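# Observations on the model geometry
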Amino acid sequence: MAFQINTVKYSGKINVTPVGAQKINLGGQTAFPFYDFEGTFPNKPKLAIQIWDMDPGEGFSVPLAKAFEGVLGDPGAWAKKAVEYGADIVCLTLKSSDPNDQNTGAAEAIAATQKVLDAVDVPVIVFGVDNKDKDVETLSAVCEKFAGKNLIVGPVTDKNYKQIGAQALAYGHAVIARSPIDVNLAKQLNILLMDLGTKPENILIDPNTGGLGYGMEYCYSVMERLQAAALLQADDKLQQPIINMLGEEIWKTKEANQPTAAVPTLGDQTCRGVLMEVTEAVSLMAAGTSLLVLSHPASLKLVREYIDLWTDGGPVKDDGLPEVPITPIN
Amino acid sequence: MALTGIQIFKLLPGTNCKKCGSPTCLAFAMNLASGKAELDACSDVSPESREKLSAASAPPIRPVVVGYGDTAVKVGGETVQYRHEKTFFNPTGIAALIEDSRDDADIAATVKRFQKYQYLRVGLNLRPELVVVKGGPRLAAAAKAVVDNSDLSVILYSEDIAALKAAAEALAGKNPLIGPATAANYKDVAAVAVAAKVPVWLKAKDMDEVAVLTKGLNEAGVKDLVVDTGARTPKKAFEDSVAMRRAALVGQNRDYGYGTIAFPAEITKNLAMQVAVAANLIAKYAGIVVLSDFDGAVVFPLLLQRLNIFTDPQRPMTQTEGIYPINEPNDSSPVLVTTNFSLTYFIVSGEVEASRVPCWLLIKDSEGLSVLTAWAAGKFSGDDVGQFVLKRSGIVDKIKHKSVIIPGYAAAISGDMEEELPGWKVAIGPREAAHLTKFLKEFTVS
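Bear in mind the structure is a predicted one, so any value in this text is a computation, not a measurement. (Residues numbered from 1 in each chain as written. Chains lettered and ligands numbered in written order. Predicted model: local features only at pLDDT ≥ 70, side-chain atom pairs only at ≥ 80, totals over all residues. Heavy atoms only, no water.)

## Observations regarding the overall build of chain A
- A count of helices and strands for chain A gives ten helices and ten strands.
- Taken over the C-alpha trace, chain A has a radius of gyration of 20 Å; the compact-globule value for 330 residues is 20 Å, and the two agree within 12%.
- Counting only C-alpha atoms, chain A reaches 60 × 60 × 30 Å along its principal axes.
- When the 330 residues of chain A are sorted by exposure, 58% land in the buried category.
- Sequence-distant contacts, at least 24 apart, represent 70% of the contacts inside chain A between residues at least 6 apart.
- By element, 49% of the accessible surface of chain A is carried by carbon and sulfur atoms, the whole surface being about 12,100 Å². (Helix = DSSP H or I, 4+ residues; strand = E, 2+ residues; numbered from the N terminus. Rg over C-alpha atoms; globule rule 2.2 N^0.38 Å. Buried < 20%, exposed > 50% of the residue type's maximum accessible area, 1.4 Å probe, protein only. Contact = heavy atoms within 4.5 Å. Areas by Shrake-Rupley, 256 points an atom, 1.4 Å probe, with all protein chains shown as cover.)

Here it is, written out as structure tokens:
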């Protein structure tokens, strides 16, 4: 008898979540990630690129500064560049609003968002700095100013969901619900948002992504458990697509920022960071993500290519992929 | 087929002699069923029962050791599909492929380079372990060049049986994995493996043929097997990998109860794309992944991923208790104390390093708990931390001031600490490590 894979029956599915004015669909899968021998996957994972609302300055990763040379400090131009590089979605982070940084306010957040919306025709995420009060100040204003523009705003936490959640609901935006790597807390936050009136398909789950080598495994297992709850137990409070903000976790690590010459055993700096980003992206896709927020365009290109191979099948087309130089070691 | 506790109980002597350490035979049977006891603990079990029980208690995926010494890799031996169900036990072996057409000097230089890809992290040495030597007539010489110039373990890859035999003999004591055993040659490969007492990897053309070959090799006397399902596209390699794990664990099909070897090197020439394929297969069950070459930019991300995926979720990674100097501190540099949860250590040390402020970071054993949890569980209490700072850590010999910074989440212990540390100033640091830079820049020791 011919070999047959042991299959699993699922009783639930991940919500189809259309984002942006362009209605790009996230989610919709009916089985564990990429198990298309036992389920359907109407929407491939989408890829966003993260941009800043200000010039990142000295401390910014050199490979990222190089990839976005000439557009840093101009969110509109940066967003445009991200879309040229192939981003499905642009994630504007309001870095300048950090009280430990420039502590800018609502007016600056609105101005930066306006620039991005004017520059690109893809869904836009407006992301705060995970400071409960500052994010209420900036994101509430952004929600109101851009009523009906179908933004995705976050992070919304159990500390500020009432304010930001209500504004997003009132002005027609989706929210990113962030909880600290825990299935029950993710569910609780979703329930709170739904009680507020937020539609289930206007919520994305942000499980709080850890970096590769810096706690990725916690997020990985929480995501697998979220998928199990959503698909096997049909828990409709957890059937939201998952978003992972992984790019910045990678590029803030020590290893991604050490120059090639300083540690030749870690290889070429740009390749190293890109492949760390790719490795984490593939891991998180295996755990069930629907939306990856990346930083480097080469990562996006490789991840996109890999998603196509993973879903559509067929051999790898080697042309046009970035080459890895072998770094000599003395 | 795994037996239930009751089924096992019926095969035990029923004497309730307690010699095994369990109060009754039934309790022992339950422990056997859940893997908490070994059958050898029972001295009175009959030979017939022993045979039945050991066949039934054999692991669903046979563990096989490949290689020798520090670079030996265990393939198989897994018991779950998802790491949160228990843990994954045996980290995927990472290999690079070397053709025997390259001369010995070139191979020597290459493996000496491979030898340098080693990284210390959380007290572990992360490194790729394996080299696949592929070819024919020069197989033995090339394999010898690998083991003479490095401590890497070897997988032999040749359909030339004479070459395989010579190479297996040349690597006596190094326990190479040899193959590929195929439908055409498996009996000959088995003969070589039996003589050399080494494990075999088989290459099937599809999942059906996997069962044919594992059965055939078992009959030919080779039980230590590693399976290449023959998949050479990313999608198929992923699907077969899942199918193998499911067949063994869900289907309890012994013919598929083996660890696997996958060849990203034969799926694409592009090394960057090989990393994506390998990352997918490390997350999803491969026993060994074979790349076309190593470089730090290639192996380091995969080693980190492997570390993460194979960390036991029930036992948090910990950093060794002790003093960690950061940014070259001196006797008037600030002292910070935090818990030994590895993530806490990584994040705090990373932020302190980024601040460029010279500091002494003290890591106190808190059984792998993060600050808030450790404090709540009483593993980071004021008297305990105070004692640690004053006596156990040895920091007093390195500084001439008397102040220490504790994490913001453990602010409540400062009073108790001050009692333990007469004359000291206990400063409360930020709750989040991200705010350490600002804090340290404004902080002065007293």
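We are not done yet, so read on.
## Notes on a nonpolar patch on the surface
All names here are of chain B.
- There is a patch of nonpolar side chains on the surface, built from Ile 6, Phe 9, Leu 26 and Met 30 and spanning about 310 Å² of accessible area.
- Elements with a minimum of two residues in the nonpolar patch: helix H1 (5-11) and helix H2 (25-33).
- By the element assignment, Met 30 lies in helix H2.
- The class of Met 30 is partly exposed, set by a relative accessible area of 37%. (Patch = residues over 30% accessible without salt bridge, like charges linked within 9 Å, V, L, I, M, F, W, Y side chains within 5 Å. Salt bridge = Lys/Arg side-chain N within 4 Å of Asp/Glu carboxyl O.)

## Regarding the side chain of Asp 53 of chain A
All names here are of chain A.
- Relative to the elements of secondary structure, Asp 53 occurs in the loop between strand E3 (46-52) and helix H1 (62-67).
- Comment: no salt bridge for buried Asp 53; closest opposite-charge side chain is Lys 95, at 8.3 Å.
- Within the structure, Asp 53 has its side chain in polar contact with the backbone nitrogen of Lys 95 (distance 3.1 Å).
- Here Ser 96 takes part through its side chain, which lies 2.7 Å from a polar atom of the side chain of Asp 53.
- If we ignore the near neighbours within four places in the chain, the residues touching Asp 53 are Pro 75, Leu 92, Thr 93, Leu 94, Lys 95, Ser 96, Ser 97 and Ala 112. (Lys, Arg positive; Asp, Glu negative; His and termini not counted. Polar contact = N/O pair within 3.5 Å; in protein donor to acceptor, adjacent residues only side chain to side chain.)

## Examining the nonpolar core
Residues and elements named next belong to chain B.
- Membership of the largest hydrophobic core comes to 202 residues, with the highest contact counts inside it found for Leu 156 and Ile 178.
- Three or more residues apiece are contributed to this core by two domains, here domain 2 (64-310) and domain 3 (322-442).
- Grouped together as the second largest cluster of nonpolar side chains are 20 residues, Ala 374, Phe 380, Ile 395 and Leu 421 included. (Core = buried A, V, L, I, M, F, W, Y, C linked by side-chain atoms within 4.5 Å. Domains from an automatic or database assignment.)

## Quick notes on the domain arrangement of chain B
- The assigned domain composition of chain B is domain 1 (5-57), domain 2 (64-310) and domain 3 (322-442).
- A separation of 44 Å is found between the C-alpha centroids of domain 2 of chain B and domain 3 of chain B.

## A look at the interface of chain A and chain B
- Counting residues at the interface gives 64 residues for chain A and 58 residues for chain B.
- Between chain A and chain B, roughly 5,100 Å² of surface is buried when both sides are summed, and carbon and sulfur atoms account for 64% of that area.
- The interface formed by chain A and chain B includes four salt bridges.
- Note that Lys 235 of chain B and Asp 36 of chain A form a salt bridge whose closest N and O atoms lie 2.4 Å from each other.
- Counting every contact that joins chain A to chain B gives 21 residue pairs in polar contact (both at pLDDT 80 or more).
- For the side of chain A that touches chain B, the elements supplying multiple residues, two or more each, are helix H7 (216-231), helix H9 (269-287) and helix H10 (297-312) of chain A.
- Considering each element in turn, the side of chain A that touches chain B owes the most residues, nine residues, to H9 of chain A.
- Each residue belonging to the side of chain A that touches chain B can be placed in one class, and the counts come to 35 nonpolar, 16 polar and 13 charged. (Buried area = accessible area lost by both parts, 1.4 Å probe. Nonpolar A, V, L, I, M, F, W, Y, C, P; charged D, E, K, R; others polar.)

## A few points about empty space enclosed by the protein
Residue and element names in this part refer to chain B.
- All chains considered together, the criterion is met by five cavities of 30 Å³ or more.
- Empty space within the largest cavity amounts to approximately 140 Å³.
- If you go around the largest cavity, you meet 17 residues; those closest to its centre are Glu 78, Arg 245, Gly 259, Thr 260 and Tyr 285.
- Elements represented by at least two residues in the lining of the largest cavity include exactly helix H9 (234-249) and strand E11 (259-262).
- By residue number, the principal contributor to the lining of the largest cavity is H9, which donates four residues. (1 Å grid on protein atoms, 1.4 Å probe; cavity = no way out; pocket = protein on both sides within 12 Å on 5 of 7 lines; lining within 4 Å. Points joined across faces, edges and corners; volume = space filled by probe spheres on them.)

## Thoughts on the environment of Gly 382 of chain B
All names here are of chain B.
- Within the fold, Gly 382 resides in helix H15 (residues 382-392).
- We classify Gly 382 as buried; its relative accessible area is 1%.
- Sequence separation between Gly 382 and Glu 418 is 36 residues, and the spatial gap between their C-alpha atoms is 8.0 Å.
- Residues within four places of Gly 382 in sequence aside, it is in contact with Ile 413, Asp 416, Met 417 and Glu 420.

## Description of the environment of Arg 178 of chain A
Residue and element names in this part refer to chain A.
- Along the chain, Arg 178 turns up in strand E7 (residues 174-178).
- Considering only alpha carbons, one finds Arg 178 and Leu 300, 122 residues apart in sequence, at a separation of 23 Å.
- Ignoring sequence-local partners within four residues, the contact set of Arg 178 consists of Phe 127, Asp 130, Pro 155, Val 156, Thr 157, Leu 189, Asp 206, Asn 208 and Met 245.
- A polar contact of 2.8 Å, which involves the side chain of Arg 178, links it to the side chain of Asp 130.

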